[in-house]
Amino acid sequence: MVQKILVTRHMGAPAHALLDASGFELIVNPADAEPSRAWVLEHVADPDVVAVALCHSQPSDKVDAEFLAAASPGLKVVSTLSVGYDHIDVKAAQAIGIKVGHTPGVLDNAVADITVTLVLMTMRRVGEGIELVKSGGWPQLPWGPFVLCGPSISHPSLTLSFLGFGRIAQQTLYRLLAFTSRSAPPTVLYHSSAARADQAELDAAHSARFGVAVRRVEADELARRADVLVVLCALTESTKGLVDSAFLDMMKPTAVLVNAARGPIVNTDDLARALDEGKLFGAGLDVITNEPHVGPENPLVRHPKCIVIPHMGSADYDTRNAMADLCARNAIAGAKDEALVAEVTL
């Protein structure tokens, strides 16, 4: 029997060089496009397929009850080209002996870069400015001393708030601090799932590391005090819809919100309503509920105070190649009954 690895999307030459040298036969989606769900289910049922390398953003690759029912009993590992694994029923997979690999760590810098980009664009109304020029409206815009002004990232004693404070959030903070006031530095607040027994010591270590006051707070205080709120937590049952009308109603009308985590953490309709009512100054989104099926009719896409980009957080060549490398290594290791380089454990 020749064991096989199913690859639902070509991951680039470096990663495929690893796969080619692995000794396994490869079944690779021949098109540079999302495969059909039927193609995935057909090939995952192949009795010789022991590993699957798949992608987060392809609906065809959802690892759910249908996928697991179709899978060959010999399937050992599902490796996703992503850090997030909300498209995989991890517990159900693990219950039948299938390991789940993902790609943490390698995209921290890239996602931090795009997060800071969205913070600055939102505060300085760059989206509105671009639209004004492209629509031909610039010549008709009467000049005034405060036309197209927005809040400043270097405003004295700013409060930078993070919903989630893992690796990406901390890399984002490093970058944001470079733009903030030196004479009146910001305060940093964050909310995590639960306070730890050693929370005071942990916050003191964060404060020493970043050179500004860093403290964990509850979600209500985070919302009330934020000048910049960055959403970078995992999507779980407890965080789904966490940023809703009640949360947004507590925010300052001068605050901006940026989501670079997962779309469903922020309620789309509630955010659109908050922007309409002036409950916050603006929003920048790398992710949005129902992506990629989001068009110009979406209330956030059409809102002048909201910038929406198509989930570009990890989209630089170095990062995507590093993610593909780790995805391939996880698939190969699982196929060989070896420990994964990065395994999801619940």
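Structure: see above.
Note that the structure is a prediction, hence the values are computed from the model and not measured.

A. Focus on the pattern of salt bridges. Under the criterion given, the structure shown has 18 salt bridges. Among the salt bridges present, the one from Asp337 reaches Lys76, with a minimum N-O distance of 3.0 Å. Highlighted residues: Asp337 in the segment after helix 12 (317–335) and Lys76 in the loop between helix 3 (65–70) and strand 4 (77–80), separated in sequence by 261 residues. For Asp337, a relative accessible area of 59% translates into the label exposed. For Glu221, the salt bridge identified is with Arg225, shortest N-O distance 3.1 Å. Highlighted residues: Glu221 and Arg225, both in helix 9 (residues 219–225), separated by four residues, approximately one helical turn. Here Arg225 falls in the partly exposed class, since its relative accessible area comes to 32%. Salt bridges sharing common partners tie together Arg37, Asp64 and Glu66.

B. Region of interest: the packing of aromatic side chains. Summed over all chains, the structure comprises four aromatic pairs. With a centroid separation of 5.7 Å and an interplanar angle of 55 degrees, the aromatic rings of Phe162 and Phe165 are classed as tilted. Phe165 matches Phe162 in its accessibility class, with the two residues each being buried. Ring geometry for Phe165 and Phe210: centres 6.1 Å apart, planes at 55 degrees, overall tilted. Within this pair, whereas Phe165 is found in the loop between strand 6 (159–163) and helix 7 (167–177), its partner Phe210 is found in helix 8 (residues 199–210), the two being separated by 45 residues in sequence. Here Phe210 falls in the buried class, since its relative accessible area comes to 9%. When the ring centre of Phe281 is taken as reference, the NZ or CZ atom of Lys305 above it lies at 4.1 Å.

C. Quick peek at helix 5 (residues 108–123). If you check helix 5, its first and last C-alpha atoms are 23 Å apart, about what 16 residues at 1.5 Å a residue would give, namely 22 Å. Here helix 5 has its buried residues at Asp108, Ala110, Val111, Ala112, Ile114, Thr115, Val116, Leu118, Val119, Thr122 and Met123. Of the surrounding elements, those touching the buried residues of helix 5 are helix 7, strand 9 (228–231), strand 10 (256–259), strand 11 (282–285), strand 12 (306–308) and helix 12.

D. Representation of the nonpolar core. Met11, Leu160, Phe162 and Val228 are the most contacted members of the largest nonpolar core, which totals 52 residues. Once residues lying within four places of it in the same chain are set aside, the contact partners of Leu160 are Ile153, Leu173, Leu176, Leu177, Thr180, Pro186, Thr187, Val188, Leu189 and Val228. In terms of nonpolar packing, the next biggest core, distinct from the first, is built from 29 residues, Cys233, Leu257, Ala274 and Ala283 among them.

Calculation notes
Residues numbered from 1 in each chain as written. Predicted model: local features only at pLDDT ≥ 70, side-chain atom pairs only at ≥ 80, totals over all residues. Heavy atoms only, no water. Salt bridge = Lys/Arg side-chain N within 4 Å of Asp/Glu carboxyl O. Helix = DSSP H or I, 4+ residues; strand = E, 2+ residues; numbered from the N terminus. Buried < 20%, exposed > 50% of the residue type's maximum accessible area, 1.4 Å probe, protein only. Phe/Tyr/Trp six-rings, centres within 6.5 Å; stacked < 30°, edge-to-face > 60°. Lys NZ or Arg CZ within 6 Å of the ring centre and 35° of its normal. Expected span 1.5 Å × (residues − 1). Contact = heavy atoms within 4.5 Å. Core = buried A, V, L, I, M, F, W, Y, C linked by side-chain atoms within 4.5 Å.

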